[in-house]
Amino acid sequence: MDSPTPGALHDAVLGWYDDHARELPWRGLEATPWSVMVSEFMLQQTPVVRVLPVHALWLERWPTPADLAAEPTGEAVRMWGRLGYPRRALRLRAAATAIVERHGGEVPTSYDDLLALPGVGDYTASAIASFAFGQRHVVLDTNVRRVLVRAVSGQEFPAPAVTRAERDVATALLPDDEATAATWAVATMELGALVCSARQPSCDACPIAEVCAWRGAGFPAYDGPPRRGQAWAGTDRQCRGRIMALAREQSSVTTAQAEAAWPRADQRERCLAGLVDDGLLTQITPGRWALPG
DNA sequence: TATTCGTGGCT
DNA sequence: TAGCCAAGAAT
């Protein structure tokens, strides 16, 4: 099978996106850079359907970075709800503060300035620069990585961490034109999210199925290094989650409530101390904790 | 580079 | 049903 020309690949994916893109609040002409930025923080490791209602609440309450920066960190954590990884709420508020202090309250437009913000790594900086400002960047998230490794390399799943080869492939495929590159980035992500999914890809609905190397090779199973699952039962994360759920629901958490939520003493105390150390909780009196005010 | 860090739906 | 997985970042 001949390799497709980049132009043909672009046309197929961009055409598919034009017909099948979801209408999301952080897309479209009315979306501000701040709305895009909030969405990118929330979408880190969290599905779109769960982000939608929380994103709406945040943008209604804090329509600008300055609005969020003016609030106590505990309010950000409470409004984060059950999205998970609540340190993202702290980082988003810290990023808002940095935007006020360093960028006059406007979300910075350059990749380097974005990358310097708390909670912003390579993916998020590229995504904001591309989606909010229409710039040309390689945007390598889990969806794009899966699409490219399947279509180009013929493997079911990408390696645990981004490889040089992956980035080279993504760079080579990035359209030259700035606006087209930005649409390409969101289109390849959308293709991975809606069609080229991890478990049950809908190859019959895929615009590049005919040139997909993985499909062409007969869908060989992943044979790379084992991908570590995330342990949950009995972990500190579960313990921390229980305590944070109490803190969000109530004005404070007592020792007795924490004991009821997590009987194992040494782990409970370690997690409480860790949450305080992370800035997610404050010990307001001996034996009583609350979200930071 | 390998771990850690929430939450919940899906198969 | 018990994993697997979801627009990652920080350390």
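This text goes with the structure placed above it.
Keep in mind it's a predicted model, so treat the numbers as computed, not measured. Along each chain, the written sequence defines residue order, and numbers are assigned to residues from 1. Each chain is given a letter, starting from A, and each ligand a number, starting from 1, according to the order in which they appear as written. Side-chain atom pairs in this predicted model are given and counted only at pLDDT of 80 or more, local residue features only at pLDDT of at least 70, and totals for whole chains, interfaces and linings cover all residues. The basis for every side-chain value is the complete set of heavy atoms in the structure, and neither hydrogens nor water enter the calculation.

A. Seen up close, helix α6 (residues 87–103). For helices the rule is a DSSP run of H or I covering at least 4 residues; for strands it is a run of E covering at least 2, with both sets numbered from the N terminus onward. A helix is expected to reach a length of 1.5 Å times the quantity of its residues less one. Look at α6: 23 Å from first C-alpha to last across 17 residues, which is about the 24 Å you get at 1.5 Å a residue. Between two residues, a contact is recorded if the distance between any of their heavy atoms is within 4.5 Å. Residues of α6 that are buried in the fold lie against α2 (33–43), α3 (48–61), α4 (65–69), α5 (73–80) and α15 (265–278). Of the residues one or two after α6, G104 is the one with positive phi, at around 60°.

B. Broad picture of the protein's contact with DNA strand B. Around DNA strand B, the structure places 19 residues, and the nearest of them are R50, Y85, R87, R240 and G241. A cutoff of 4 Å decides nearness: a residue is near a molecule or strand if any of its heavy atoms lies inside that distance of it. Near the protein, within 4 Å, the atoms of DNA strand B are sugar or phosphate in 55% of cases. Distance and chemistry together define a polar contact, namely a pair of N or O atoms within 3.5 Å, with one atom able to donate a hydrogen and the other to accept it when in protein, and with adjacent residues in sequence counting only for side-chain atoms on both sides. Take L83: an N or O atom from its main chain is 2.9 Å from a base nitrogen of DNA strand B. Between DNA strand B and R199, the relevant distance is 3.3 Å, taken from a base oxygen to a side-chain nitrogen or oxygen of the residue. Of all the secondary structure elements, the ones that give two or more residues to the surface near DNA strand B are α6 and α13 (236–249). Of the residues forming the surface near DNA strand B, the biggest block, five residues, is contributed by α13. Note on residue categories: nonpolar means Ala, Val, Leu, Ile, Met, Phe, Trp, Tyr, Cys or Pro, charged means Asp, Glu, Lys or Arg, and polar means any other residue, Gly included. Of the residues in the surface near DNA strand B, the class split is four nonpolar, five polar and 10 charged.

C. Representation of the protein's contact with DNA strand C. Inspection of the region around DNA strand C gives 28 residues, with L43, G119, T124, R146 and R199 positioned closest. Counting only the atoms of DNA strand C that lie within 4 Å of the protein, the sugar and phosphate share comes to 66%. With respect to DNA strand C, the backbone of G119 contributes an N or O atom lying 2.7 Å from a phosphate oxygen. Side-chain polar atom of Y123 to a base nitrogen of DNA strand C: 3.4 Å apart, as the coordinates give it.

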